[in-house]
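Breakdown of the fold
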Amino acid sequence: MILQWIAEAVAAGARLERACEVAELDVRTVQRWRQQGPQGGRDRRRGPRQRPRNALSQEERNKVLSATHRAEFRDASPKTIVPALADRGEYLGSESTFYRVLREAGEATPRGRARPATPRPVATHTATGPNQVWSWDITYLPTAVRGMFFYLYMVVDIFSRQIMGWAVHDTESSELAADLVLRACAAAGIEPGTLVLHSDNGAPMRGSTLLATMQRLGVMASFSRPSVSDDNAFSEALFRTVKYVPWWPSKPFGSVESARSWVSSFERWYNTEHLHSGIGFVTPASRHAGTDAAQLAGRRALYERAREAHPERWSGPARTWDRPGEVSLNARHPRRSSAPTHVPTTKAKSSGAPPARRQSPQEAQPPRSRPENSGTTRPDTPPKEGFKTRL
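Here's a quick rundown of the structure. Predicted model, so just to flag it, every value in this text is computed and none were measured. (Residues numbered from 1 in each chain as written. Predicted model: local features only at pLDDT ≥ 70, side-chain atom pairs only at ≥ 80, totals over all residues. Heavy atoms only, no water.)

**Concerning the nonpolar core**
In this structure, Trp 134, Trp 136, Tyr 153, Cys 185 and Leu 197 are the most contacted members of the largest nonpolar core, which totals 23 residues. Elements supplying a minimum of two residues to this core: strand E2 (133–142), strand E3 (149–157), strand E4 (163–169), helix H8 (174–188), strand E5 (195–199), helix H10 (208–217) and strand E6 (219–223). No other element matches H8, which puts 6 residues into this core. In contact with Cys 185, not counting residues within four places along its chain, are Trp 134, Ile 190, Leu 195, Leu 217 and Val 219. (Core = buried A, V, L, I, M, F, W, Y, C linked by side-chain atoms within 4.5 Å. Buried < 20%, exposed > 50% of the residue type's maximum accessible area, 1.4 Å probe, protein only. Helix = DSSP H or I, 4+ residues; strand = E, 2+ residues; numbered from the N terminus. Contact = heavy atoms within 4.5 Å.)

The following block contains the structure:
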C-alpha cells in the first residue's frame, strides 16, 4: 500500500526523495522493496519490539497522576510539585517525567487561574497611496526645568512620509490626541472607512475619547503588540530625525510657544525640502502630491545622457531612479543568511600584475545606504557657529 502511495505521488510530479521523506522512509528501502516484487514489497516497519527497561510501570504512572491531583497541587506546575515532594522525602520522577505522564493522560493543560498566553498577530497594513495608513506617537521635548517635559504629538503618512499633523502640549492626554486626529483628518479630507491609524499601546492611544473620535470619523485603529518596541517604526524614525537635525536647539525649550515655533519650522523643512532616502530621495510633499514620478524620470534621463556622453566611465547600467511602490507597516521579510560572503581570488595575468587580494567578509558585503534620519546637513542651511559635525 505504501509503495502505491509513493508511486502515485511520483506520477503526480513529486520527487522520489521528497515522497520518501514524507513517508519517513529511506530511498534505498523503497528501492529494495520494489525489487522484492509485489509480495515482498509490503511495509514491515514494526517499531520497537520490546519495552524499555527504564519505562515507568502503570502503578508508577498512577502515583504521578495522583500526586498532581492532590488539592494542594491542583494549581501548581510540575516544576513546583517535584521539589515540594522532594522536601517530604518522596521521589516519583523528574519534571520531564511529570510533564510526559500528564501529556499522555491528556492533562497537560495550564494549571492555575491565569489564562494561557495568546499570541497576537503582527498588525500589518499596506499602503499603495497617500492617506491610506497613518502612524502617530508622542515624544518628549526637554524644558528648562529638570524632570519636566513638553509633549510632541505627530502624525505621519507611511506612504509619503509627510507629516499630516502635529501639536505640542505640556501634558499628554487622549483628549488632546483626539483633537489632533480630528484636525488632521479634516485638513486631508479623509473619507470614512479609508484610513488606518497605527500607534503603540500608550494610555493616550487607548483612551476612550480618541477611540470614540476615530469611530465617529470612520478611522480604523491599529495597535502595536505589547512590549514590542519596533511595531511603530515610522513614527520612531521620524522622532529620530526631529532630534538629530543639525539645528536642534542646544538649550531646552523655555516655553510651549518656543517649542511650537521650532516644530513648525521643522515641519516646513521636512515636508518640502528634506530629500527622504526611504522614498527615493524626494520630498514627502512631492510624493504625497504624486509629482515625484516626473522628478525621478528627469533624474533617470539625466543619468542616461551622462552615460551616453562618457560610456567609458560607466561599468554598468545607469541608475534607474525607480519610484518606490507600496509601503507595508511591520512587513516581515525572510531572515538573510549570516554566512560570510567570500570573493574568490583570481590568478595574476602574465603581464606581472599582482594577484587579487581576498576580500574580508565585511568588504565583500554590499554597501549600506545611509538612513534618512542620520543627521545629514541641510543643504541650504549652513551649520550654526560652534556646531561640530558628527562624523
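Here the narrative resumes, following the displayed structure.
**A few points about the pairing of E5**
Most of E5 is tucked away: 5 of the 5 residues are buried. Side chains of E5 alternate between two faces, with Leu 195, Leu 197 and Ser 199 and Val 196 and His 198 buried alike. In the sheet, E2 pairs with E5 via 3 bridges, with the strands oriented parallel. Each residue of the ladder has a partner; that of Val 133, found in E5, is Val 196. Where E5 meets E6, 5 bridges bridge the pair, whose relative direction is parallel. Looking across to E6, one finds that Ser 199 is bridged to Phe 223. (Pairing = 2+ DSSP bridges.)

**Let's talk about the packing of helix H11 (residues 233–244) against helix H12 (residues 256–272)**
For any two helices packed against each other, the geometry is given by the interaxial angle and the distance between the axes. Closest axis-to-axis distance for the H11/H12 pair is 11 Å, and the angle between their directions is 115°. Classified by the angle between their axes, H11 and H12 sit roughly perpendicular to one another. Note that H11 runs across H12; the crossing there is right-handed. Here H11 contributes Leu 238, Thr 241 and Val 242 to the contact with H12, which in turn contributes Trp 262, Phe 266 and Tyr 270. (Axes fitted to C-alpha atoms, helices over the stretch in contact; angles between N-to-C directions. Parallel < 35°, antiparallel > 145°, perpendicular 65-115°, else oblique. Left-handed = near helix turned anticlockwise from the far one by under 90°.)

**Some details on the pattern of salt bridges**
Here the structure, examined in full by the defined rule, presents 8 salt bridges. Asp 179 is paired through a salt bridge with Arg 183; the nearest N and O atoms lie 3.1 Å apart. Pair noted here: Asp 179 and Arg 183 are both in helix H8, with a separation of 4 residues, about one helical turn. Among the charged side chains, a network of salt bridges with common partners joins Arg 287, Asp 292 and Arg 323. (Salt bridge = Lys/Arg side-chain N within 4 Å of Asp/Glu carboxyl O.)

**Focus: the sheet that holds E4**
By way of backbone hydrogen bonds, the strands of a sheet pair with one another, either parallel or antiparallel. With mixed pairing, the 5 strands of this open sheet are ordered in space as E4-E3-E2-E5-E6. Two strands bound the open sheet, and with one partner strand each, they are E4 and E6. Ignoring which end each strand starts from, the neighbouring axes of this sheet average 25° apart. The sheet contacts of H8 involve E2, E3, E4, E5 and E6, and relative to E4 the element is tilted by about 150°.

**Focus on the environment of Ala 19**
Tracing the backbone shows Ala 19 in helix H2 (residues 16–22). For the pair formed by Ala 19 and Trp 5, sequence separation is 14 residues and the distance between their alpha carbons is 8.9 Å. For Ala 19, the residues in contact, after removing those within four places along its chain, are Ile 6 and Ala 9.

**Digging into the packing of helix H6 (residues 78–87) against helix H7 (residues 95–104)**
Close contact between H6 and H7 brings their axes to 9 Å; oriented N to C, the two are set at 125°. Our classification of the angle between H6 and H7 gives oblique. In terms of crossing hand, the pair formed by H6 and H7 is right-handed. Residue-level contacts link Pro 78, Lys 79, Ile 81, Val 82, Pro 83 and Leu 85 of H6 to Glu 95, Phe 98, Tyr 99 and Leu 102 of H7. Partitioning the contact of H6 with H7 into residue classes produces 8 nonpolar, no polar and 2 charged. (Nonpolar A, V, L, I, M, F, W, Y, C, P; charged D, E, K, R; others polar.)

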